[in-house]
Amino acid sequence: MMDTLFLKALLLLAGCLTGLVYHLSNPFLGEKRTGYEKPNFVIILADDIGWGDLGANWAETEDTPHLDNLASEGMRLVDFHSAASTCSPSRASLLTGRLGTRNGVTHNFAVTSVGGLPLNETTLAEVLQDAGYLTAVIGKWHLGHNGLYHPNFRGFDYYFGIPYSHDMGCTDTPGYNLPPCPACPLHSASASFGKDCYTKVALPLFENISIVQQPVNLTSLAMEYAEKATRFIQCARWELSKANHLGRGTSRSSTGILAWQDPCKCDKCCSVETLFHPNSGAAGKDGEIKALRLAQYKAFYTTGGAKACDGSIGLEEHHDPPLIFNLERDAQEQEPLDTKSSEYQAMFPAVTRAFANILQDIATDNVSTADYSRNPAATPCCNPQHVVCRCQPCRNPDHSGTTQSTHSQA
């Protein structure tokens, strides 16, 4: 037996739903046994999922049997904090380990966005590639689709998915959004159907840098994601088997990305000491830190200003001194502490110091700036001749069965 590691990992960021990472280890490559095999791993990133949406958390939910099985057979970590409450900022932080105020991604990118996650930012995918991983991302990207911002140029060897949210383009299978939007027009431009409906360009599906379907069929998309993930893992296993048979390895032997460790400190009980909550859709400037959590206390310097599903905007309020809640007694944040109480007076100095320290740290950090400029030419379009860039997929005659469009990306 030859001694080394053969690594494979896979990351899927399912369109507004999931992200996974898969990794294989092989003890047959290299000259010296390290004594440590890098594990296979999967990361699932789910947008807008509620605590009770998983059967592992709420017995009345029966829609997630496979995830529930993972929870029952493994270790459950029940205190998770996203770096942002919106798509692009949360993904950017997951890939870089840096808040949006540092990596520059403070709000969502658009269909016509020229830029994306700043190119000077190092992604976890790139780090894993350097460590010998083959990398893949399957699902929603939403960190830039134009030029070098595409995932294939950000550390991922393989990409299959949509470039942004599923409601940022028309499809032939509407009904997945509330309020509902119309289907893509077949021959002529459709009239506007609500200010939040994208009716001019169909939602594209990418495989690497090629658009393979536009509009994407949402009814079969989840199944396609699963099939691509399975195929990727099978191919990784096949490469592993081939390398073993030949008695050698490949220059790269992994797949995957996305393991982000919160830089916050932990106390002896391993609970988070300080968390900072950047604004990504409510009152104030995008990316600004106007809320923080210190142990069981949460402080707000700004509240309100968020847009509701009906389009209304909540009242924006600024608080000086900040509102402070004790989450152990008030998990729903309904009753802030009385500013005159001894509890508030005891916590206020600590909150003030933590807030000042993070602002000072960011001010002296290497802060990136994302390009949020827009240009219609950056719109993903496989057929500019059609009113919504519609193109029909065809099957690749090779053995892989890869679906390709009849037009290349404009």
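Please refer to the structure higher up on the page.
Heads up: these notes are all about the structure in this document. (Residues numbered from 1 in each chain as written. Predicted model: local features only at pLDDT ≥ 70, side-chain atom pairs only at ≥ 80, totals over all residues. Heavy atoms only, no water.)

1. Side note on the state of the cysteines
By definition, a disulfide links the sulfur atoms of two cysteines through a covalent bond.
Then, in step 1: Counted under the stated rule, the structure contains four disulfides.
Then, in step 2: Sulfur-sulfur distance for the disulfide between Cys381 and Cys389 comes to 2.0 Å. For the disulfide bridge between Cys381 and Cys389, the dihedral angle about the S-S bond is near -100°, and by the sign convention the bridge is left-handed. For the pair formed by Cys381 and Cys389, the shared burial category is buried.
Then, in step 3: The disulfide bridge from Cys382 ends at Cys391, spanning 2.0 Å between sulfur atoms. Taking the torsion about the sulfur-sulfur bond, which here is approximately -110°, the covalent link between Cys382 and Cys391 counts as left-handed. When sorted by exposure, Cys382 lands in the same class as Cys391, which is buried.
Then, in step 4: For the protein, numbering the cysteines in disulfides from first to last along the sequence yields the connectivity 1-3, 2-4, 5-7, 6-8. (Disulfide = S-S within 2.5 Å. Buried < 20%, exposed > 50% of the residue type's maximum accessible area, 1.4 Å probe, protein only.)

2. Digging into the pattern of salt bridges
Then, in step 1: The full count for this structure, using the stated rule, is eight salt bridges.
Then, in step 2: Linking Lys298 and Glu333 is a salt bridge whose minimum nitrogen-to-oxygen distance equals 3.3 Å. Residue Lys298 is located in strand E8 (residues 297–303), and its partner Glu333 is located in the loop between strand E9 (317–326) and helix H6 (342–363); the two are separated by 35 residues in the primary sequence.
Then, in step 3: Among the residues examined, Glu333 registers a relative accessible area of 27% and is labelled partly exposed.
Then, in step 4: Salt-bridge contacts for Glu343 lead to Arg329; the nearest nitrogen and oxygen are separated by 2.7 Å. Here Arg329 lies in the loop between E9 and H6 and Glu343 lies in helix H6, a separation of 14 residues in the sequence. (Salt bridge = Lys/Arg side-chain N within 4 Å of Asp/Glu carboxyl O. Helix = DSSP H or I, 4+ residues; strand = E, 2+ residues; numbered from the N terminus.)

3. Examining unusual backbone geometry
Then, in step 1: Residues Gln214 and Pro215 are joined by a peptide bond in cis, for which omega reads 10°.
Then, in step 2: Secondary-structure assignment places Pro215 in the loop between strand E5 (210–213) and helix H5 (218–246).
Then, in step 3: One non-glycine residue, His142, lies in the positive phi region at around 60°.
Then, in step 4: Mapped onto the elements, His142 comes out in the loop between strand E2 (136–139) and strand E3 (158–161).
Then, in step 5: The exposure class of His142 is buried, given its relative accessible area of 2%.
Then, in step 6: Located in the positive-phi region is Glu333, a residue other than glycine, with phi close to 55°.

4. What about helix H2 (residues 87–96)?
Then, in step 1: In terms of burial, H2 is a largely internal element, 10 of the 10 residues being buried.
Then, in step 2: Buried within H2 we find Cys87, Ser88, Pro89, Ser90, Arg91, Ala92, Ser93, Leu94, Leu95 and Thr96.
Then, in step 3: The elements touched by buried residues of H2 are helix H3 (100–103) and helix H4 (124–130). (Contact = heavy atoms within 4.5 Å.)

5. Observations regarding the pairing of E5
Then, in step 1: Strand direction decides the pairing type here: strand E4 (residues 205–207) and E5, joined by three bridges, are antiparallel. Among the inter-strand pairings, Glu207 is bridged to a residue of E5, identified as Ser210.
Then, in step 2: Counted along the chain from E4 to the antiparallel partner E5, the turn is two residues long, and its residue Asn208 has a positive phi close to 55°. (Pairing = 2+ DSSP bridges.)

6. Considerations on the pairing of strand E7 (residues 289–294)
Then, in step 1: Sheet analysis places strand E6 (residues 274–278) next to E7, joined by five bridges and oriented antiparallel. By the bridge assignment, Thr274 is partnered in E7 with Leu294.
Then, in step 2: When E7 meets E8, the two strands line up antiparallel, connected through four bridges. In the sheet register, Arg293 faces E8, and the bridge partner there is Lys298.

7. Description of the nonpolar core
Then, in step 1: In this structure, Phe276, Ile289, Leu292, Leu294, Ile324, Met347 and Val351 are the most contacted members of the largest nonpolar core, which totals 18 residues.
Then, in step 2: For this core, the secondary structure elements donating two or more residues are E7, E8 and H6.
Then, in step 3: Top contributing element to this core by residue count: H6, with seven residues.
Then, in step 4: When near neighbours in sequence (up to four residues on either side) are disregarded, Leu294 contacts Glu273, Thr274, Met347, Ala350 and Val351.
Then, in step 5: In terms of nonpolar packing, the next biggest core, distinct from the first, is built from 17 residues, Ala136, Val216, Tyr225 and Ala229 among them. (Core = buried A, V, L, I, M, F, W, Y, C linked by side-chain atoms within 4.5 Å.)

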